[in-house]
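If you want the building blocks of each chain, they are given just below.
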Amino acid sequence: MATRVRPSSKRCAVIGGSGFLGRHLVEKLLERGYSVSVFDIRQSYELPGVTFHQGDLCDKQALLPALKDVSLVFHCASPAPASDDRGLFERVNIQGTRIVIQACIEAGVQKLVLTSSASVVFEGTDIKNGREDLPYARKPIDYYTETKIEQEKLVLEACNTERGFLTTAIRPHGIFGPRDPQLVPILVDTARRGKMKFIIGDGTNLVDFTFVENVVHGHILAAEHLRQDSPICGRPYHITNDEPIRFWDFMSEVLVGLGYAAPRYHLPYSLVYGLALLLWLLALILRPLFSFKPTFTPMRVALAGTHHYYSCDRAKQDLGYKPIVSLKDGIARTVESYPHLRQGA
Ligand SMILES: NC(=O)C1=CN([C@@H]2O[C@H](COP(=O)(O)OP(=O)(O)OC[C@H]3O[C@@H](n4cnc5c(N)ncnc54)[C@H](O)[C@@H]3O)[C@@H](O)[C@H]2O)C=CC1
Ligand SMILES: CC(C)CCC[C@@H](C)[C@H]1CC[C@H]2C3=C(CC[C@]12C)[C@@]1(C)CCC(=O)C[C@@H]1CC3
């Protein structure tokens with residue numbers, strides 16, 4: 001009689017493993033003795049111990065070989081939030097996640113850890129020490145957030161302890177660190193174009209920025225604590241640095257660290273938000289004629305001018321989570337890692 005080989009608990013797959021967070025996660029998993037299968041639409045590096053599978057996660061047949069003999073899957077693929085392509089977000093984050101779940105079940109995967117986002121509850125108004133029981137945003141600000149909400153619901157609802165398919169979701173916020181293609185590069189580009197002179201609002205709003213290694217740590221703890229009898233099954237977890245900082249102090253520290261001037265002049269929040277909305281509408285109307293991408297999108301302005309920081313008490317209690325890199329060290333390591341983005345480089 002043929003016996004089904006139980007996948008090794010040290011063999012896992014990272015969907016989106018070529019990306020910023022995905023690659024940091026892969027590196028840590030290797031360090032911890034896992035063998036890793038990466039599935040991504042692009043291959044951005046090579047590493048011993050990693051098998052690459054290139055393909056679109058919406059294609060189940062392409063995905064299945066990457067999940068063979070794998071017991072644990074991390075799903076951290078998504079289109080970049082800066083994209084304004086509703087169809088792409090719906091296809092990848094919603095339909096694609098349905099396919100990821102089906103493929104996991106078909107391949108006999110036991111645990112699925114989704115990278116969600118703390119933004120699933122953000123509607124552009126203040127969130128202070130937000131806990132996981134806040135309702136999902138009723139009016140999400142952008143397509144990214146709208147589809148991250150649906151994605152998280154799909155993964156958490158798929159959790160089935162009786163069938164032995166266990167799922168959880170990590171909600172990080174404002175990930176930063178070496179190789180991030182988003183936060184520091186966009187900030188520096190904006191500064192180089194002379195647009196980082198202004199503080200939106202009074203500049204006192206507190207925000208979470210989370211060093212990438214803390215986010216990785218939260219993912220691995222979640223995976224290793226995910227068992228049939230644990231409270232983690234089917235629940236989301238905030239993972240932050242647990243050190244809320246003024247949004248504009250964080251931006252200034254990074255800018256000054258890289259040799260640029262810190263923003264100084266204040267602009268009223270509602271004025272900038274209104275302008276950003278107008279620009280977004282204009283870009284939408286003019287899209288058939290020509291395309292332009294405003295730097296100050298409504299989402300970015302909302303993030304820059306409101307409080308949004310989250311409690312990670314649930315992760316501390318259920319996962320034993322504690323940040324392993326402080327904000328100060330994280331910022332120093334990040335600044336050091338971008339010599340090519342320094343003023344004058
Ligand atoms: N960067 C941040 O501040 C935050 C990110 N997140 C979430 O973390 C996850 C990782 O984000 P990052 O590493 O920052 O982004 P990233 O853009 O560096 O990585 C995403 C990866 O997904 C891959 N991908 C996209 N579409 C795909 C498809 N159809 N099939 C296969 N692979 C595909 C990309 O090629 C890329 O390698 C995402 O789910 C994002 O929503 C959540 C909170 C904050
Ligand atoms: C132009 C300036 C006002 C802002 C420059 C920095 C921004 C690019 C970043 C500041 C906060 C960041 C952030 C995200 C992307 C990059 C920023 C807007 C996310 C939207 C990424 C995806 C998420 O899930 C939530 C993040 C919140 C913070």
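Conventions and cut-offs
Residues numbered from 1 in each chain as written. Chains lettered and ligands numbered in written order. Predicted model: local features only at pLDDT ≥ 70, side-chain atom pairs only at ≥ 80, totals over all residues. Heavy atoms only, no water. Salt bridge = Lys/Arg side-chain N within 4 Å of Asp/Glu carboxyl O. Helix = DSSP H or I, 4+ residues; strand = E, 2+ residues; numbered from the N terminus. Buried < 20%, exposed > 50% of the residue type's maximum accessible area, 1.4 Å probe, protein only. Near = heavy atom within 4 Å. Polar contact = N/O pair within 3.5 Å; in protein donor to acceptor, adjacent residues only side chain to side chain. Nonpolar A, V, L, I, M, F, W, Y, C, P; charged D, E, K, R; others polar. UniProt positions renumbered as here; feature names shortened; annotations may be inferred. Axes fitted to C-alpha atoms, helices over the stretch in contact; angles between N-to-C directions. Parallel < 35°, antiparallel > 145°, perpendicular 65-115°, else oblique. Contact = heavy atoms within 4.5 Å.

Naming follows an unreviewed UniProt entry, where the protein chain appears as Sterol-4-alpha-carboxylate 3-dehydrogenase, decarboxylating of Xyrichtys novacula.

Caption draft 1: Seen up close, the pattern of salt bridges. Enumeration over the complete set of coordinates arrives at 17 salt bridges. Here Asp318 makes a salt bridge to Arg235, at a shortest N to O gap of 3.3 Å. Of this pair, Asp318 sits in helix α10 (residues 313-319) while Arg235 sits in the loop between α6 (212-225) and β12 (236-239), and the two are 83 residues apart along the sequence. Given the relative accessible area of 16%, Asp318 is considered buried. Owing to a relative accessible area of 29%, Arg235 belongs among the partly exposed residues under this scheme. Here Asp242 ties to Lys316 by a salt bridge, and the two come within 2.6 Å at their closest N and O atoms. Taken as a pair, Asp242 in the loop between β12 and β13 (245-246) and Lys316 in helix α10 lie far apart in primary sequence, 74 residues in all. The exposure class assigned to Lys316 is partly exposed, which follows from its relative accessible area of 32%. Sharing partners across several salt bridges, the network here consists of Arg131, Asp242, Asp313 and Lys316.

Caption draft 2: Fine view of the site of ligand 2. Contacts to ligand 2 come from 15 residues, most closely from Pro81, Ser117, Ser119, Tyr144 and Phe296. Contacts to ligand 2 include Ser117, whose side-chain N or O atom sits 2.7 Å from an oxygen atom. The separation between an oxygen atom of ligand 2 and a polar side-chain atom of Tyr144 is 2.7 Å. Partitioning the shell around ligand 2 into residue classes produces nine nonpolar, five polar and one charged.

Caption draft 3: How the structure looks around the UniProt feature "transmembrane region" (unreviewed entry) in the protein chain. As recorded in UniProt, the feature "transmembrane region" (unreviewed entry) lies at residues 271-290. The annotated region residues 271-290 carries 80% helix and 0% strand content, and the separation between its end C-alpha atoms amounts to 26 Å.

Caption draft 4: Structural view of unusual backbone geometry. Notably, Asp69 is not glycine yet its phi reads approximately 60 degrees, a positive angle. Structurally, Asp69 is set in the loop between α2 (60-63) and β4 (70-75). On the basis of relative accessibility, which here comes to 40%, the residue Asp69 falls in the partly exposed class. Notably, Arg179 is not glycine yet its phi reads approximately 75 degrees, a positive angle. For Arg179, the location among the structural elements is in the loop between β8 (175-176) and α5 (183-192).

Caption draft 5: Structural view of the UniProt feature "domain: 3-beta hydroxysteroid dehydrogenase/isomerase" (unreviewed entry) in the protein chain. With numbering matched to this structure, UniProt assigns "domain: 3-beta hydroxysteroid dehydrogenase/isomerase" (unreviewed entry) to residues 13-264. Taken end to end, residues 13-264 is 35% helix and 20% strand, and its first and last C-alpha atoms sit 45 Å apart.

Caption draft 6: Local environment of the packing of α5 against helix α7 (residues 247-257). Two elements in contact, α5 and α7, have axes separated by 11 Å at closest approach and are oriented at 75 degrees. Considering the angle they form, α5 stands roughly perpendicular to α7. Contacts between α5 and α7 involve Leu183, Val184, Leu187 and Ala191 from the first element and Phe250, Met251, Val254 and Leu255 from the second. Here the contact of α5 with α7 is composed, by residue class, of eight nonpolar, no polar and no charged.

Caption draft 7: Summary view of the side chain of Thr306. Its place among the elements puts Thr306 in the loop between α9 (298-305) and β15 (308-310). A distance of 2.7 Å separates a polar side-chain atom of Thr306 from the backbone oxygen of Ala302. The contact partners of Thr306, leaving out residues within four places of it in the chain, are Phe122, Gly124, Thr125, Asp126, Asn205, Leu206, Val207 and Tyr269.

Caption draft 8: Up close: the packing of helix α3 (residues 86-107) against helix α4 (residues 143-157). The geometry of α3 relative to α4 is characterised by a closest axis approach of 9 Å and an angle of 10 degrees between their N-to-C directions. The orientation of α3 with respect to α4, classified from their angle, is roughly parallel. In contact with Arg86, Phe89, Glu90, Asn93, Ile94, Thr97, Arg98 and Ile101 of α3, α4 contributes Tyr143, Tyr144, Glu146, Thr147, Lys148, Glu150, Gln151, Leu154 and Val155. In terms of residue class, the contact of α3 with α4 is built from seven nonpolar, four polar and six charged.

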